[in-house]
Amino acid sequence: MKGIFLSSLLFLLSGICQADALVVVVNKDNPVDALSKTQVIDIFMGRYITFPDGNPVKPFDLGAELDVKRKFYQRLVNKDLAKINSYWARLLFSGRASPPESVDSMKLLLARVSDTKGALAYLPEASVDESVKVVYRLE
Amino acid sequence: MNPSKSFIGLNSIYQRLHLKMGITVALCALLVSLISSLGSYYSSFSREKNKNLLLVEQLAKTVEQTASISAYLSDSELADEIVDGLTGHDLVKNAKIESNENVVLAFGNSTVDDISVSLDLLHPFAQDHIVGQLLIYPDIAFIHRQAKAEAYRDAQVLVILSLSIFIITMLMVHNMLTKPLRSLTKSFAQVDPEKPATMKMLEHSRTDEIGQLVAGINALMTALQFTLDKEKDLRKRTQALEAKFRLIFEQASAGICLINKYDHLMAYNPAFKQIHNLPDANIIDVTELFKDSAHVASLLSTFRRESLAQQFSIDLQLNGSKDGTKWLHCLFAKIKDQRKLVRDTEDVVIEAIMYDITERVQREQETRIAAECDPLTNLNNRRAGNKRLAELLQRCLLEDKSMVLMMVDLDKFKPINDTYGHDAGDRVLIECGQRIANKFGKDSVCIRWGGDEFVIAYPLKQGALDTVVTIGESLIASLSESIDVGDEMLCQIGASIGVVIAPQHATTLDELLAKADQAMYLVKQQGRGKCSLYSEVDSTADSLN
């Protein structure tokens, strides 16, 4: 109930704010309701592999929709994609961390999020549906 | 130029100067280089150290990003990689990356050192978070070694620099200063004022201080030469003058001497010495040389006192000469000593010039004697006798004494001349004269009055009036004794004497003579051969005869 209330609130809010806002979403059954910016960063940049509550997390990148990806990372960590790529390239051979799984399309992404319990992804606000829960909003 | 040769044969003062300078400069150079190299060492050392520490910091910066990521992700492997990379660096002894929770992600294999450069590793994507720390431990030993080596090199360079500057300076100074100074000193040492030939100008072609010094020396030498020449000239002239004066003084036939205020001889010429037969004494009193020393002394002192009198001349008799009395004509003159002020009128020097006039004096005496003397009898002649009589009379009258005057006329003289000749007559007169002279003393005046007349006068002792006639008679007796006239011939004469006594009979000489004559004439008339005292009665009675 509380989740539905929050998501609908967020939905409403998203309606008030700009339309090209990006949101970070999780599986709707995910107990996590909200994440802070830092938490989002930490997960997407490979620092943490669990949600703050300890459940494993699986981040997803939009592979094909580069525009969205670019916007996301720009707003999240203020770095362009080249830097993000080089970041992951550095960690390729040495680090335990691995980049988020890249998904080609929005539809696929949504599907994956619905399928995966610990999924964490970002979408344009407009593309959100009921199968996902918004836990963070980027302007 | 052979350096060793240039140091040999110099006077030691110069050599010391050169060495002193050299040693001083060397010591200074050494001191400066030591101090500066020490200073440079320490500053170099700290500079190098700081540089290296800075490098280490920069090193930290270069791996900051990656280290941040490793701390962010708690990626040990990445951290290891980084740490390995760091420790490979010479400057880094050890490195450590630790995350927030003090989890050491990577650590080198050495022990912990105190000094470390630490860098906070920030959240790569959220710069306000610190995700960990990077610690780099610099290799202090290495840094120190580097720094030392660097400092040492710097110091070496400084020392070499100082030494080379010193050497070059020494060479330059030697060339530009000490060498010309030495050559100057050498050529100057040859200058000898006593040898005019050596006093030629010193060479110089420089216009700096040495040149000025040389020019100054040359000017001095010129002046000195000039002065010396003048002095020599003056000396020559003075010597010539002195020679002339010496000639005059030494060669003068007259004795010249200088007398000081104590009547002592200051100087005298050879002629003076010869004249006086001077004793061997340091101080000779000139008055002692003369017969009447006291008189001479008083003369000189009076002369000195009288400021108006400048000179006087006098004939003086010498003291005790073996070959009879010597007479000198002396001219005494005051001279002012030009060299010093005369403090009082008595402080004058008297110059005396004297020459022998003994002969002249003798001749004068002879002449006088001759003029006064009867050549035959050596008694006074009439003229001189007259004078003497007058003197004696005056003296007797003044002294309230009586004077006896005898007029003696020889008897029977003329026949002798006629009979035996004039020579015999002369002998008779001579004999008579002698007998008269023998009879009467030095107080008397014995005169050959005429051809065969004699006058005798003498002062009469008090109360000896009675003796007068007796003396006359005794004279007659003496004269009557036979006289040897030569050729074994003897003759005899007599005498008639008329005696007057002054002041009884007369007070003037003419009167006395007249009356004596009268008395004598009376005797002749009355038979001759007697001595008769004048009396008024007799004369007036016989005045007509």
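Structural data are supplied above this passage.
Predicted model only: the values in this text are computed from it and were never measured.

Asker: Got a minute to help me understand the packing of helix α3 (residues 64–73) of chain B against helix α4 (residues 76–87) of chain B in this structure?
Answerer: When two helices pack together, their arrangement is given by the angle between their axes and by how far apart the axes lie. Residue and element names in this part refer to chain B. Where α3 contacts α4, the axes come no closer than 8 Å and their chain directions differ by 150°. Comparing their axes, α4 and α3 come out roughly antiparallel. Considering only the axes of α3 and α4, their crossing is left-handed. Residue-level contacts link T66, A67, I69 and S70 of α3 to L78, A79 and I82 of α4.

Asker: What is the right way to read helix α10 (residues 382–398) of chain B from this model?
Answerer: Given 3.6 residues per turn, any residue in an α-helix points the same way as the ones three and four places further on. Residue and element names in this part refer to chain B. With 17 residues, α10 should cover 24 Å at 1.5 Å per step; its first-to-last C-alpha distance of 24 Å lies within 8% of that length. Those residues of α10 not exposed but buried are A384, G385, L389, L392, L393 and C396. Backbone geometry just downstream of α10 places D400 in the positive-phi region, at approximately 60°.

Asker: Explain the sheet that holds strand β16 (residues 531–533) of chain B here, please?
Answerer: Hydrogen bonds between backbone atoms are what pair the strands of a sheet, whose relative direction is either parallel or antiparallel. Residues and elements named next belong to chain B. Pairing is mixed across the open sheet formed by five strands, whose spatial order is β11-β12-β10-β15-β16. Both outer strands of the open sheet, β11 (445–448) and β16, are each paired with one neighbouring strand and no more. The sheet shows a mean angle of 15° between the axes of neighbouring strands, direction not considered. Bridge count between strand β15 (residues 494–502) and β16: three bridges; the pairing is parallel. Its bridge partner lying in β16, G498 is registered against S532. Together, β10 (402–411), β11, β12 (453–460) and β15 form the strand contacts of α10, whose direction differs from that of β11 by roughly 155°. Across the face of the sheet, helix α14 (residues 509–525) comes into contact with β10, β12, β15 and β16 while running at roughly 145° to β15.

Asker: What's the story with the interface of chain A and chain B in this structure? I'm lost.
Answerer: Interfaces are often described in size by the accessible area the parts lose on coming together. Contacts between the two partners involve 15 residues from chain A and, on the opposite side, 15 residues from chain B. Buried area between chain A and chain B, both sides added, is near 1400 Å², and the carbon and sulfur share of it is 58%. There are zero salt bridges connecting chain A and chain B. Across the chain A-chain B interface, the total number found is five residue pairs in polar contact (both at pLDDT 80 or more). Among the elements of the structure, α2 (37–44) and α4 (81–94) of chain A are those that each provide at least two residues to the side of chain A that touches chain B. The dominant element in the side of chain A that touches chain B, judged by the number of residues it contributes, is α4 of chain A, at four residues. Broken down by class, the residue content of the side of chain A that touches chain B amounts to six nonpolar, four polar and five charged.

Asker: What should I look at first to understand the nonpolar core in this one?
Answerer: Within soluble globular proteins, side chains that are nonpolar generally end up buried alongside one another. Grouped together as the largest cluster of nonpolar side chains are 70 residues, with contacts concentrated most on V24, F72 and L120 of chain A together with L134 of chain B. Discounting chain neighbours no more than four positions away, the residues touching L134 of chain B are A60, V63, A67, L86, K96, I97, V117, S118, L119 and L121 of chain B. Core analysis: the next-biggest nonpolar cluster, separate from the first, contains 32 residues, F413, I416, I476 and C531 of chain B among them.

Asker: Would you mind showing me how to read a negative patch on the surface here?
Answerer: A cluster of acidic side chains, namely E77, D80, E81 and D84 of chain B, defines a negative patch on the protein surface. Its location among the elements puts D84 of chain B in helix α4.

Asker: Help me out: how do you make sense of the packing of aromatic side chains in this one?
Answerer: Given two aromatic rings, one states the distance between the centres and the angle between the planes to describe the pair. All chains considered together, the criterion is met by 14 aromatic pairs over all chains. Measuring from centroid to centroid gives 6.0 Å for Y268 of chain B and F272 of chain B, while their planes differ by 35°, and the two rings are tilted. Residue F272 of chain B is classed as buried on the basis of its relative accessible area, which comes to 0%. Ring geometry for F303 of chain B versus F312 of chain B: centroids 5.0 Å apart, planes at 70°, classification edge-to-face. Per residue, the accessibility class of F303 of chain B equals that of F312 of chain B, and both read buried. Through a chain of ring-to-ring contacts, the aromatic side chains of F44, F72, Y73 and Y122 of chain A assemble into a single cluster. The ring of F60 of chain A has K58 of chain A lying over it, and the distance from NZ or CZ to the ring centre is 5.5 Å. If you follow K334 of chain B out to its NZ or CZ, it ends over the ring of F303 of chain B, 5.0 Å from the centre.

Asker: Would you explain the packing of α10 of chain B against α14 of chain B in this entry?
Answerer: Residues and elements named next belong to chain B. Running from amino to carboxyl end, α10 crosses α14 at an angle of 110°, the nearest separation of the two axes being 10 Å. Our classification of the angle between α10 and α14 gives roughly perpendicular. Across the interface between the two elements, N386, L389, A390 and L393 of α10 pack against L509, L512 and L513 of α14. Across the contact of α10 with α14, the residue classes break down as six nonpolar, one polar and no charged.

Asker: Would you explain the pattern of salt bridges in this entry?
Answerer: Think of it this way: side chains of opposite charge can pair up when their charged atoms draw near. Taken as a whole and judged by the stated rule, the model has 23 salt bridges over all chains. Note that K96 of chain B is salt-bridged to E98 of chain B, the shortest N-O span being 3.7 Å. Exposure class is identical for K96 of chain B and E98 of chain B. Each is buried. Among the ionic pairs, D374 of chain B bridges to R448 of chain B, the shortest N-O distance being 3.3 Å. Of this pair, D374 of chain B sits in the loop between α9 (358–372) and α10 while R448 of chain B is found in strand β11, placing the two residues 74 residues apart along the sequence. Side by side, D374 of chain B and R448 of chain B carry an identical accessibility label, which is buried. Linked through salt bridges whose partners overlap, the residues forming this network are K58, E101 and R112 of chain A.

Asker: Teacher, can you tell me more about the sheet that holds strand β5 (residues 255–259) of chain B here?
Answerer: Residue and element names in this part refer to chain B. Strand order in the open sheet formed by five strands is β6-β5-β9-β8-β7, and the pairing between neighbours is antiparallel. At either end of the open sheet lies a strand with only one pairing partner, and these are β6 (265–268) and β7 (311–317). Pairwise comparison of adjacent strand axes, ignoring direction, gives a mean angle of 25° for this sheet. Examined bridge by bridge, β5 and strand β9 (residues 349–356) share five bridges and lie antiparallel to one another. From the neighbouring strand, L258 faces β9, where its bridge partner is E351. The strands touched by helix α8 (residues 293–305) within the sheet are β5, β7, β8 (327–335) and β9, with β7 carrying the most contacts at an inclination of about 180°.

Asker: What is the right way to read unusual backbone geometry from this model?
Answerer: Note: most peptide bonds trans; most residues except glycine with negative phi. Note that the residue after A502 of chain B, namely P503 of chain B, is joined by a cis bond; omega there is 0°. Structurally, P503 of chain B can be placed in the loop between β15 and α14. Despite not being glycine, N78 of chain A shows a phi value in the positive range, around 60°. Inspection of the secondary structure assignment puts N78 of chain A in the loop between α3 (66–77) and α4. In this structure, R528 of chain B is a non-glycine residue whose phi angle is positive, near 65°.

The rules behind the values
- Residues numbered from 1 in each chain as written.
- Chains lettered and ligands numbered in written order.
- Predicted model: local features only at pLDDT ≥ 70, side-chain atom pairs only at ≥ 80, totals over all residues.
- Heavy atoms only, no water.
- Axes fitted to C-alpha atoms, helices over the stretch in contact; angles between N-to-C directions.
- Helix = DSSP H or I, 4+ residues; strand = E, 2+ residues; numbered from the N terminus.
- Parallel < 35°, antiparallel > 145°, perpendicular 65-115°, else oblique.
- Left-handed = near helix turned anticlockwise from the far one by under 90°.
- Contact = heavy atoms within 4.5 Å.
- Expected span 1.5 Å × (residues − 1).
- Buried < 20%, exposed > 50% of the residue type's maximum accessible area, 1.4 Å probe, protein only.
- Pairing = 2+ DSSP bridges.
- Buried area = accessible area lost by both parts, 1.4 Å probe.
- Salt bridge = Lys/Arg side-chain N within 4 Å of Asp/Glu carboxyl O.
- Polar contact = N/O pair within 3.5 Å; in protein donor to acceptor, adjacent residues only side chain to side chain.
- Nonpolar A, V, L, I, M, F, W, Y, C, P; charged D, E, K, R; others polar.
- Core = buried A, V, L, I, M, F, W, Y, C linked by side-chain atoms within 4.5 Å.
- Patch = residues over 30% accessible without salt bridge, like charges linked within 9 Å, V, L, I, M, F, W, Y side chains within 5 Å.
- Areas by Shrake-Rupley, 256 points an atom, 1.4 Å probe, with all protein chains shown as cover.
- Lys, Arg positive; Asp, Glu negative; His and termini not counted.
- Charge placed at Lys NZ, Arg CZ, Asp CG, Glu CD.
- Phe/Tyr/Trp six-rings, centres within 6.5 Å; stacked < 30°, edge-to-face > 60°.
- Lys NZ or Arg CZ within 6 Å of the ring centre and 35° of its normal.

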